[in-house]
Number of protein chains: 2
Amino acid sequence: MRTQNLTLLTDLYEITMMQGYFETGNQDIVVFDTFYRETPSGGGYAVAAGLEQVIDYVKTLQFTPDDIRYLRSLNIFQEEFLKYLSNFRFSGSIYAVPEGTVIFPREPIVKIVAPIMEAQLLETAVLNIINHQSLIATKASRVCYAAQNDGVMEFGLRRAQGPDSGIYGARAAVIGGCCGTSNVLAGQLFDIPVKGTHAHSWIMSFPDEYTAFKTYAKLYPTACILLIDTYDTLKSGVPNAIRIFQEMKAAGIELKNYGVRLDSGDLAYLSKKVRRMLDEAGFEDAVISASNDLDEYLIESLKIQGAKITSWGVGTSLITSRDCPAFGGVYKLAAIQDKNGNFIPKIKLSENTEKVTNPGNKTVYRIYDKESKKIRADLICLEEEVFNSEEDLLLFDPNATWKRTLLTGGTYTMRELLIPIFDKGKCIYTSPSVMEIQEYCTKEKDTLWNENMRFVNPAEIYVDLSDKLYHLKNKVFNELSEAKYSQAPSRV
Amino acid sequence: MRTQNLTLLTDLYEITMMQGYFETGNQDIVVFDTFYRETPSGGGYAVAAGLEQVIDYVKTLQFTPDDIRYLRSLNIFQEEFLKYLSNFRFSGSIYAVPEGTVIFPREPIVKIVAPIMEAQLLETAVLNIINHQSLIATKASRVCYAAQNDGVMEFGLRRAQGPDSGIYGARAAVIGGCCGTSNVLAGQLFDIPVKGTHAHSWIMSFPDEYTAFKTYAKLYPTACILLIDTYDTLKSGVPNAIRIFQEMKAAGIELKNYGVRLDSGDLAYLSKKVRRMLDEAGFEDAVISASNDLDEYLIESLKIQGAKITSWGVGTSLITSRDCPAFGGVYKLAAIQDKNGNFIPKIKLSENTEKVTNPGNKTVYRIYDKESKKIRADLICLEEEVFNSEEDLLLFDPNATWKRTLLTGGTYTMRELLIPIFDKGKCIYTSPSVMEIQEYCTKEKDTLWNENMRFVNPAEIYVDLSDKLYHLKNKVFNELSEAKYSQAPSRV
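What counts and how
- Throughout, residues of each chain are indexed from 1 in the direction in which the sequence is written.
- Here chains are named by letter from A upward and ligands by number from 1 upward, in the order in which they appear as written.
- With the structure being a predicted model, the display of local features is reserved for residues of pLDDT at least 70 and the display and counting of side-chain atom pairs for 80 or more, all residues being used for whole-chain, interface and lining totals.
- As a rule here, side-chain values cover all heavy atoms of the structure and leave hydrogens and water aside.
- Think of it this way: any DSSP run of H or I at least four residues long counts as a helix, any run of E at least two long counts as a strand, and we number them from the N terminus.
- The contact definition used throughout considers only heavy atoms, calling two residues in contact when any of these lie within 4.5 Å.
- UniProt positions are given in the numbering used here, feature names are shortened, and annotations may be inferred rather than shown by experiment.
- By the convention used here, strands pair only if DSSP detects at least 2 bridges between them.
- To get an axis, a line is fitted to the C-alpha atoms, and for a helix only the part in contact is used. The angle between two axes follows their N-to-C directions and goes from 0 to 180 degrees.
- Here is the rule: rings of Phe, Tyr and Trp (six-membered ring for Trp) pair when centre to centre is within 6.5 Å. Planes less than 30 degrees apart are stacked, more than 60 are edge-to-face, and the remainder are tilted.
- The buried label applies to any residue whose accessible area, calculated with a 1.4 Å probe on protein chains only, is under 20% of its type's maximum; exposed applies above 50%, and partly exposed to all values in between.
- Counted as over-ring charges are cases with an Arg CZ or a Lys NZ within 6 Å of the ring centre that also lie within 35 degrees of the ring normal.
- Buried Ala, Val, Leu, Ile, Met, Phe, Trp, Tyr and Cys residues form a nonpolar core when they are joined through side-chain atoms within 4.5 Å.

**Remarks on the environment of Gly315(B)**
All names here are of chain B. Along the chain, the position of Gly315 falls in the loop between strand S11 (311–314) and helix H13 (316–319). On a C-alpha basis, the gap between Gly315 and Glu154 in space is 6.0 Å, while along the polypeptide they are 161 residues apart. In this view, Gly315 contacts Phe155 and Gly156; residues no more than four positions away in its chain are not counted.

Dropping the structure here:
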């Protein structure tokens, strides 16, 4: 179900470029890096997500006869090339950080090593999938951080940007820490908890609120969360809810997973009032859940105000990452293999020094403090580099090399972040379940400092370059800077 | 292809409520209205889109055995109810405004008249689809307005919130006015123009920029837009492009659809410089296209600065509607049919007067100035009301009834906006093609005043209530306000 051929989910230029490589006989093996430059919402970290769907996409890559007919109809593709496409399979290798990993700017999170035509085709879909799910997983992680240990439910399907955005958004939200979703299809597809009670229309379809509550409680006695703001929260909703709970108690029904939901009004004020009313009626363990355009900032503010809410439903702001609805992941050529099998580093210049890409076939190590198990830094290096954590390691800021940190041998540990996913076209990785990824992500977040997680001016984790990579980058950079003017036939 | 069962694309509470109605034997016919309250990005109008996908969704609604098994596994549904679901088909009626129609706050754009269980189930998916596509169609319309008569291409797939968001977003963008998309799958599915040239990686994969251009021009002589900012726009990119164009000319190739693309730097400054260089070389008809994080505000500013760009590629800001990534469409119960077939109006109260819903089984008329053909106002009224445009019509602001406008009989025309889509379960509407919808949308925008289309403080189109609906609303409102306290068993 929903396994669909997304082979044409790509920008046209990927295919026009492929034809170009085909026509010129370019079969070079290249390295493309996927990375991002700025953390969404000004945060101190992001959460990687979407790899399972990238794998599905790559596995099912295949131009159907319909696809070929469609491409032919565009009148820009040669028959030889279309024939090549109709036999297309991905034959390259992919390395990626596991889903749920906390990630930082500029480090490769998906690396493709493949013939240039294949690597080029993958660009758009890989970015689409990774950008979307990493965005929502990151947002969910922020919202859950604000909610401290309370449960956060993903409620946003109706405001998501299309069906997939709701479905994969719910998946990513659970990876980032949400305890469930209202989205039934996501529940079915990913085996994640689904929850939900009733809407205002339920209340309005009955002659009065009490009867609506009563009917609901009878049907769902073990998940009885009553929506109390249809008419008047304090004067009608809460008294009716209490009456129901009293009747349930009197009928000998064990009250658990029960309570009320607030969906409008001043949540700080109302939740305190409601808490007192419920407590005074003897329902100290009744849950007060809240929804209504919540986000991490509002939840943090409500916590500071002492709001008596312990369960949160978050919709629009989470499923769209409203304050930052795009994760700026990019896909950049880093190296081209020569005839001897060596990777020739490639670089993309930019006016902005920080935007100059990192050349070469690289990997990423995460360096932890041995004692606290917290992250000290990430180190981007060339793939062949070997480190020994018993030796001292000098880290430096690649944009301000006088900023240095010496890690003493034996006080730190290292872990390679990129792991093999596809090996020469064959998938060699099995994705964990979404709930397993969530658990892993929780452990990942434990390796961050609180200072990385706060919303205002979070501390940055250093993402440094190895000495070798730093010097290689400068070399390529200088060569290219010198060469570029000579390419122009005339100076202007 | 991509026709998939989205029956479980819903919030769990829709199904728990359905079971509630099932258990209580509630088979009432109800009316639900879909409408929005605030125009995205502070604009003066929105563009309706997504109806074709709503129709597909309703037509294919069906709980498969897998779906039933999944719901059973949640342990909250009774077998009798699951049996009902397994035979579920939509048997109700749907009315909607055609896609591409300009719409305004508070007026119903999709109306469902159906047994309460069926109407309830549809809520989430209808909102998801309509909210997404109307959001992007509206954004596209704004971007195209800023670009005046230039072509605007949708380029955002890699930053869209998942595959569907890119696919249906491209569809909506074309409805809103874009001349095409880079998204090949959207092109295939909706028969809309796809376009694209090459990326920086194309240039970088050749020994030099000139060879990269030359190869590209040889392959695509009739769509030769060269990306000129990989190394240095003015010193390398433009001179190399001019050299290519000269060589093409010398070889007797007819130059059309050719030019350059800018993707970084100061687009105002660079485009003027590039224009002069191209003109001086005799390529006055070479296109200058531009991309790089554009939106309607940047394009408007570039136009004001006299930038020499005539073709625009818009990515992230369009496909995510970055400054306002959610269209706040809601789905509200408006009436319940009684045993005599009369619709009993229902209302949802709110602290905010403007948020009180409009009760009853309604429709919407658009009123045009007979001479200018521009919109005078929209009028929400009860379905059975009849108007005669030869008679005077007094309009008034429902929230400030002293604000009145008298339309003299004979000076205005009226058109009903809601048209029948499903009649008792049967689809009686055929969606036009996307390009036909675009054409219709262009005509729709011609009925707006420039004052409605500007970005800052746009003039609002009046959306008024008929006299009859206004009085009905007040009656229901007052009855409910009086009744609501009496529902509370005790006053607090």
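**Considerations on the UniProt feature "domain: Nicotinate/nicotinamide phosphoribosyltransferase" (unreviewed entry) in chain A**
Using the residue numbers shown here, the UniProt feature "domain: Nicotinate/nicotinamide phosphoribosyltransferase" (unreviewed entry) corresponds to residues 152–321 of chain A. Secondary structure over residues 152–321 of chain A splits into 48% helix and 13% strand, and the C-alpha atoms at its two ends are 15 Å apart.

**Regarding the sheet that holds strand S3 (residues 93–96) of chain B**
All names here are of chain B. Read across the open sheet, the seven strands follow the order S13-S12-S1-S5-S3-S19-S20; overall the sheet is antiparallel. The strands lining the two open edges of the sheet, one partner per strand, are strand S13 (343–345) and strand S20 (426–427). Looking at chain direction, strand S19 (residues 419–423) and S20 are connected through two bridges and run antiparallel. Note that in S20 the partner of Phe422 across the bridge is Cys427. Contacting S3, S19 and S20, helix H2 (residues 51–59) runs over the sheet at an angle of about 15° to S19.

**Examining the packing of aromatic side chains**
Applying the stated criterion to the full structure yields 42 aromatic pairs over all chains. Centroid distance Tyr168(A) to Phe190(A): 5.9 Å. Interplanar angle 50°. Geometry classified as tilted. Taken together, the residues Tyr168(A) in helix H6 (residues 163–175) and Phe190(A) in helix H7 (residues 184–190) connect sequence positions 22 residues apart. Each member of the pair, Tyr168(A) as well as Phe190(A), is classed as buried. Ring geometry for Tyr258(A) versus Phe283(A): centroids 6.1 Å apart, planes at 80°, classification edge-to-face. Taken together, the residues Tyr258(A) in strand S9 (residues 258–262) and Phe283(A) in the loop between helix H11 (267–280) and strand S10 (287–290) connect sequence positions 25 residues apart. You can call Phe283(A) buried: its relative accessible area is 1%. Here the aromatic cluster, defined as three or more aromatic residues joined through ring pairs, consists of Phe22(A), Phe63(A), Phe77(A), Phe81(A), Tyr84(A) and Phe88(A). Sitting over the ring of Tyr95(B), Lys111(B) keeps its end group 4.7 Å from the ring centre. Sitting over the ring of Phe190(B), Arg171(B) keeps its end group 5.7 Å from the ring centre.

**Points about the UniProt feature "domain: Nicotinate phosphoribosyltransferase N-terminal" (unreviewed entry) in chain A**
UniProt's entry tags residues 8–131 of chain A with the feature "domain: Nicotinate phosphoribosyltransferase N-terminal" (unreviewed entry), counted in the numbering of this structure. Each end of residues 8–131 of chain A is marked by a C-alpha atom, and these two atoms are 18 Å apart; helix forms 44% of the span and strand 17%.

**Overview of the nonpolar core**
Counting 310 residues, the largest nonpolar core has Phe245(A) and Phe245(B) as the members making the most contacts within it. Filtering out sequence-adjacent residues up to four positions away, Phe245(A) remains in contact with Cys224(A), Leu226(A), Leu255(A), Tyr258(A), Gly259(A), Val260(A), Leu278(A) and Phe283(A).

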